[in-house]
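Structure assessment
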Amino acid sequence: MRSLRSRAAAAVLRLFAARPAAAAVLCAFMGLPAVVASAAPAGAAAVQVAKYDFEDGTAQGWGPRGDGVEVGATSDAAHSGSRSLLTSGRTATWHGASISPPFEKGVTYQVTAYARMVSGEPSSTIALTMQRTPDGGDTTYERVAAATVTDAGWVELSGTYSFGADSTGLQLYAESSEATGKYYIDDIVITSDTDPSRSGLSTDFETGTAQGWSPRASASLTPSTEAAHGGTRSLAVTNRSATWDGPAISVLGKMAKGSKYTLSAWVRLGPDTTAGDLGLSIERRTNGTPSYERVAAPKAVPAGQWVQLTGTYTLAHDVDFLSVYVESGDGTFPFYLDDFTLTYVEPKPIQTGIPSLKDEVPFTLGAAISRAQTLGEHGDLLLKHFGGITPGNDLKWDATEPREGEFGFAEGDYLVNYAVQHGLTFRGHTLAWHSQTPDWVFKDGDRDLTSSAQDRALLLKRLENHVKTLVGRYKGKIAVWDVVNEVIDENQPDGLRRSKWFQITGLDFIRTAFRVAHETDPAAKLFINDYNTEFPRKRQALYDLVKKLKAEGVPIDGVGHQLHLNIEQPPASEVEATIERFATLKLDQQVTELDVSVYPDFVSTYDEVPAEVLAEQGYRYKELFDVFRRHRAQLSSVTVWGLADDDTWLSTFPITRLNAPLPFDDELQAKPAYWGIADPAKLPPLVRGLEAPAATPKVDGKRDLEWDLLPDVPVARVGQVSAGFQARSSATWLYVLAEARDPSDDRGDRVTFTVDGTPYAVRRDGGHPRGVDAAVKKTAGGYRVEARLPIGTDVAVAVTDASGGSQTSWTGKVTATPAVKLTTAPRREPVVDGIADPAWAAAPEIRTATWLQGTSGATARVRALWSGGTLYLLAKVADPTLSEQPANPWEQDSVEFFVNPGNGKTRGYGDDDGQYRISFSGRTSVGGPLDPAGIEGNLKAAAKTVSGGYVIEAAVKLPTITPADGTLLGFDVQVNDATGAARTSAVTWSDATGQGYRDTSHWGVLQLRR
């Protein structure tokens, strides 16, 4: 949303630009039909489309028609209430007040208004007239209503109107036969025989016209038969002058405030355009002030293909202008538009017979919202289930102070007042952040600020003014503020983000923001807020910063944990460890931005989220809220980042895809995620999956290397009991391992494995059924159980705390798979130059032989070494024919090394997991994590072509771990083989799924050795 260009408003042509010739206007008074269509059928229910009473002191969208004309609300006279609209400064009969009406083809409208001449003005015929331009025709001026008006009293103007041809440039205006007469109009009411806000809108261009679409600036719109998504025609868009310049269509009156709509359009790149992104947006204006909102973020449109742009939109404001337009992410390339639809979404009533979430938790439960979520069914859902709100964007710097000293609080005031009115708590989000802060904040004129004393003082002064203004405005209404947001970068030596704030002021911007906020509102609770605090390195970096600042006396009252999670990672135990860690600082804690993506990675997509995934998400919410409830003494609030799935930032981040991260679905109905919070007993049964790689570990209670090749599957904590679980398989046996965590040592504590319906209980003291091979070892805080059981597929593991009476369990299907591949890397330091020096002889060799594409082609012999914090890799590739012709780097002749420093074996990439690609010519590229740029500096590589192939040497830094003897890394290698312009084969060492570029769970293991 923030990328939409506000300067577009200056270039958008019209509202009131039309200037009809005098002769045409005279026709309006000399014989033009007073009624263009018949009245609504008898008995038809009239629907109010618009009402203008000017009681708010504004012109409510009416503007001047004609040079020198002045139009404005006045209290000098009124038909009802205390205000009307005064029109003055006229010098021609057609001069007056005008508005772009919410009229559509085929609908009959009843228009009623009241008019009165200003005192002392002569009587005049005042008319309401419609101007429109039929597609392919000349502009017409059609009388709607007229009457003789004097200054003695108010006179009613009333008439009906409809039109039957696709038209543009609709304008409803008031004019007078007295060229200079001044007059008032008031209580203008428009009704229709149908509800246009529910009837939808569609254009397919099969009429050979633009069907109401018009250019936003200089773009040319031409109905075309050169391409079509459906039928034989589309709209060709050419000669664009800017990314936002293109086709727009008025939807004023087609959307009702508080109602939800689905918008869809099909687009295709124009001739000679090979690539481009296109998106769908809304422009709305209130009293002439424009705002821009994204419906469908720009997405890639492959050449020669039709791509659908679709999204939902809820109108949350009173508007006098509303249009939908297509824009590009970058560039001014031509494109085609076809089959646009706007569809009213009939709301489902919210479920009133289910528990209110806010009553089911021992802390404040909040939701991040915008104005739209306070209206209609969304507002009903909000007030039933939540006790607090956070504005998603409306109090950020770009929304409140876009230019220095020019503050805007319309949205903030609305939400704060709404919260006060309904007894909701309010989190102020956020005062200082590196993102969504206007460029001017870090500039002095055109010059970038530096860390000089003068510039530092200027920046801190701006920060002080901003904080004082916002906190002061809402003193007593906003009880909690996110004072600074996302200041940690755990990859920096000191753990601090190198934002412009930090580069110019160091930590002083944090100190200043907290100091000024506290001085301005001493009663407000002041928080530092960040994401990924559930990961150990970031957790520690934030902890160290907060501890340091508190020791200095900085008035930090609490720590906010965002918790943008997914259905798999990180484990709930890490969230709990974070809360426990910060509890030692004796500060309040809040979960500030909770959501749970249905995807474990950054690239997968669903056309429809499977029911089993939604069930898994429900259990994930249960585990998380179990943690939150256990720590109610340290946690005062939990806020979910959104109200329902119909409006979530994850629909466009990190890519545009269907996502469903919240407790309520697109129709505001409760999901399994809701029941995971409110009543887990109502969750659907969940059968998980677990792979059991081939192995025959010794059953002695010791955790040998075989078990360490994979991480334990977490078994969620219940009471004081939790566990980790793994399995291995042979032809006849299932080997199982359970790491039980139970601080109370009771003889009756036990782990029960159930295989294909047969239970096998192993007690903490080692007791187990006769004939079962099992062993138990004491561990810190619990005990370890190993067992060998008859092979089976339906498996459950239950850990029982005999003294506490609690039990945690895991149920799933176990699948036998090939053994986890393992190799080693001796400690040596080679020279990375593409030439295999003698150091490599110490490393064992592995070979790529797992075919992903094809059954023959280029292969590699691979070795690994390590030294200090660097992993060294060598690949000797057999490939007699080399090519870099394919457009994509992964299709060219190349080697890819996959490195997972923590050996997490997750279904998605972590921030330090990497896919490092080197082509035969030495060109490098990286992939994997959300931000590949964060790891690209880890790679150094060299390539040499040799007879029959090429040699790759690479050095990969491992800054997130401390490598040592015995360290295990997730690892794989892939060879891509190109023939001409296409990849013809791909082969790996370990992963046979072909998903290694987004999933680390099937990579092999590399063990570092001295």
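The preceding data block contains the structure.
This section reports on the structure supplied with the text. (Residues numbered from 1 in each chain as written. Predicted model: local features only at pLDDT ≥ 70, side-chain atom pairs only at ≥ 80, totals over all residues. Heavy atoms only, no water.)

**Some remarks on the overall build of the protein**
Of the regular secondary structure elements, the protein holds 15 helices and 56 strands. Compactness check: the protein gives a C-alpha radius of gyration of 34 Å against a globular reference of 30 Å for 1010 residues, within 12% of the reference. Seen through its principal axes, the protein has C-alpha atoms that stretch 110 × 65 × 65 Å. Looking at the protein residue by residue over its 1010 residues, the buried ones come to 54%. Across the protein, every contact between residues at least 6 apart in sequence was considered, and the portion connecting residues at least 24 apart equals 72%. Total accessible area on the protein is roughly 39700 Å²; 49% of this is exposed by carbon and sulfur atoms. Charged side chains of the protein number 99 positive and 123 negative; the gap between the two group centres comes to 6 Å. (Helix = DSSP H or I, 4+ residues; strand = E, 2+ residues; numbered from the N terminus. Rg over C-alpha atoms; globule rule 2.2 N^0.38 Å. Buried < 20%, exposed > 50% of the residue type's maximum accessible area, 1.4 Å probe, protein only. Contact = heavy atoms within 4.5 Å. Areas by Shrake-Rupley, 256 points an atom, 1.4 Å probe, with all protein chains shown as cover. Lys, Arg positive; Asp, Glu negative; His and termini not counted. Charge placed at Lys NZ, Arg CZ, Asp CG, Glu CD.)

**Some remarks on the sheet that holds strand S48 (residues 870-878)**
The strand order across the open sheet formed by five strands is S45-S47-S48-S53-S52, and the pairing between neighbours is antiparallel. Across the chains shown, the open sheet's two edge strands, defined by having one partner strand only, are strand S45 (846-847) and strand S52 (939-946). Summarising the sheet, S52 and strand S53 (residues 949-957) pair through eight bridges and their orientation is antiparallel. Of the residues in S53, the one forming a bridge with Thr-945 is Tyr-950. (Pairing = 2+ DSSP bridges.)

**Comments concerning the pattern of salt bridges**
Evaluation of the coordinates by the stated rule reveals 54 salt bridges. Arg-294 serves as the salt-bridge partner of Glu-327, at 3.2 Å between the closest nitrogen and oxygen. Taken together, the residues span a long stretch of sequence, with Glu-327 in strand S21 (residues 321-328) and Arg-294 in strand S19 (residues 289-300) at a distance of 33 residues. Taking relative accessible area as the criterion, Arg-294 reaches 23% and is therefore assigned partly exposed. With its nearest N and O atoms 2.6 Å apart, the salt bridge here joins Arg-427 to Asp-482. Here Asp-482 lies in strand S28 (residues 480-485) and Arg-427 lies in strand S25 (residues 425-433), a separation of 55 residues in the sequence. Like Arg-427, the residue Asp-482 is buried in the burial classification. (Salt bridge = Lys/Arg side-chain N within 4 Å of Asp/Glu carboxyl O.)

**Some words on the pairing of S25**
In terms of burial, S25 is largely enclosed, as eight of its nine residues are buried. Sheet analysis places strand S24 (residues 388-391) next to S25, joined by two bridges and oriented parallel. Its bridge partner lying in S25, Gly-388 is registered against Thr-425. Alignment of S25 against S28, held across five bridges, turns out to be parallel. If you follow Gly-428 over to S28, its bridge partner there is Trp-481.

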